[in-house]
Amino acid sequence: NHQIKAAKADTSASEQQLHSAEGQRLPDLDVSSSYTQLSETPAAKTQISGQTTTFNMSQPGSVKAQAMASVPIFTSGRISHNINAAEASLQAVQSNETTSVLNIKMQVAEAYIAVLRMESALQVALSHVDALELHMKDVNNLFDQGMVARNDVLTVNVELANARQLVVQASNQLDIAKARYNQLLDRNLADEVKLAHQFPETPQGTLNELSGNALKQRPELVTLAQQIESLEQQAQSVKAALLPQVAVNGGYQYQENRYQAFEGMWTANVGMDWKIFDGSSGHRSDALTRQAISLKEQRDDLSSMIGLQVRQAWLDIQETQKRIAVAQQAIAQADENMKVTADRYQQGLSTNTDVLKAEDLRTTSHGNFNNANYDATLAALHLRRALGIL
């Protein structure tokens, strides 16, 4: 899935940012070179024995080159805080990648259920057509014998046409569901989709236990916690930049000048930089701190939302289990009712309307049973997602 690939790329980028922060501790090596051409030869004037004398100080054209290295030896924690911020940011991005995978898995699971649900709906629609075609034969036979009015024939034909239209609609919805499933898996939209009725187990435990596990396992909370840590470390790094910064510098410098005794020289020095006052750093540090406070509020809100998600999924499971039990009883009763009503119609003891109503009840019962089953499976998957273990 392209969204998962994008999340992995973000993780890789964050890893490089960590390496960049760690690289601040390493020496900087700067090599430079230039050539300068002057219009006149630099010279100095002096008085010797009362006469003005000039002498050259450097060449009019010369090459300058240097190779200098600089190593920070004390930064008041600025580099350390930067590295800690980068590490926390990497952990946040890694957790965010896990969240992306979970979200895609949930979308795939929903698409998976949608395909199976539409396959079942299509089967119910086809069985509805089959039942009406059988009933139409009975109606035609009785009409030929003069036992029923032509109105019965017309009514059945209309119901059969409507049933065939439902088959067309169910087929179209099934094709759309399969295309959606293929799109999530980055496959050709027209690829064949054959799915097994296999689903993960429903998490066990009390509602309080499940809610507690969710708060420990959800990667979204880890993401926010690490983002908060990263911002706090960045704020400390900004503050540390106002404290003494000590570095060692050294290298080799070359200045082409035939009038100079030594054209090349080695150099070394220890330097300290201390910003006594900076009108922006304090505000930047405060801004980062307030951003961290904002994320803390979002984390607390998300914790409450996670508890709601777990509770809703858990209650949905309880509801769908009850629906399944009721729907199973309704199916058996609806099938028997259809059989008895059809037999009575053939014997002239019930009306065509009774048969059509019984068939509608049978179709509705099978549809309700299928929906209850898939709703139960989907609720279990939503619970796993709420727990962060999908």
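Everything discussed here concerns the structure shown above.
Described in the following lines is the structure provided in the data block. The shown structure was predicted, so the numbers you read here are calculated from the model rather than taken from an experiment.

Looking now at the overall build of the protein chain. Scanning the protein chain for helices and strands turns up seven helices and six strands. Reading the secondary structure of the protein chain in the N-to-C direction produces α-β-β-β-β-α-α-α-α-β-β-α-α. A compact globule built from 390 residues would reach a C-alpha radius of gyration of about 21 Å, whereas the protein chain, at 40 Å, exceeds it by more than 25%. Relative to its full complement of 390 residues, the protein chain shows a buried share of 35%.

The subject of this paragraph is the environment of T289. Within the secondary structure layout, T289 lies in helix α6 (residues 281-346). Sequence separation between T289 and Q234 is 55 residues, and the spatial gap between their C-alpha atoms is 8.7 Å.

Packing of helix α2 (residues 78-144) against helix α5 (residues 219-240) brings their axes to within 8 Å, and their N-to-C directions diverge by 160°. In terms of their interaxial angle, α2 and α5 are classed as roughly antiparallel. Note on packing geometry: the crossing formed by α2 with α5 is left-handed. In the contact of α2 with α5, the residues fall into seven nonpolar, 17 polar and three charged.

Before going further, it helps to spend a moment on the pattern of salt bridges. Summed over the entire model, instances satisfying the criterion amount to eleven salt bridges. Of the charged contacts in the structure, one is a salt bridge between E133 and R164, with a shortest N-O distance of 3.0 Å. With E133 in helix α2 and R164 in helix α3 (residues 150-184), this residue pair connects regions lying 31 residues apart in the sequence. Judged by its relative accessible area of 27%, E133 is partly exposed. The partner of R362 in a salt bridge is E359, and the shortest N-O contact between them spans 2.9 Å. Highlighted residues: R362 and E359, both in helix α7 (residues 352-387), separated by three residues, approximately one helical turn. Take R362: its relative accessible area is 12%, and that puts it in the buried class. Classification of E359 as buried rests on a relative accessible area of 1%. The structure contains a network of salt bridges with shared partners spanning R117, E319, R323 and D375.

Moving on: the nonpolar core. Ranked by internal contacts, the top residues of the largest apolar core, which has 41 residues, are M106, V115, Y181, L195, Y345 and L381. Tallying contributions element by element places α2 first for this core, with 18 residues. Leaving out residues up to four positions away in the same chain, M106 has contacts with L378, L381, H382, R385 and L390. If you look at the next biggest cluster of nonpolar residues, it comprises 22 residues, including L210, L224, A380 and L383.

Parameters at a glance
Residues numbered from 1 in each chain as written. Predicted model: local features only at pLDDT ≥ 70, side-chain atom pairs only at ≥ 80, totals over all residues. Heavy atoms only, no water. Helix = DSSP H or I, 4+ residues; strand = E, 2+ residues; numbered from the N terminus. Rg over C-alpha atoms; globule rule 2.2 N^0.38 Å. Buried < 20%, exposed > 50% of the residue type's maximum accessible area, 1.4 Å probe, protein only. Axes fitted to C-alpha atoms, helices over the stretch in contact; angles between N-to-C directions. Parallel < 35°, antiparallel > 145°, perpendicular 65-115°, else oblique. Left-handed = near helix turned anticlockwise from the far one by under 90°. Nonpolar A, V, L, I, M, F, W, Y, C, P; charged D, E, K, R; others polar. Salt bridge = Lys/Arg side-chain N within 4 Å of Asp/Glu carboxyl O. Core = buried A, V, L, I, M, F, W, Y, C linked by side-chain atoms within 4.5 Å. Contact = heavy atoms within 4.5 Å.

That's the geometry; what it means functionally is another story.
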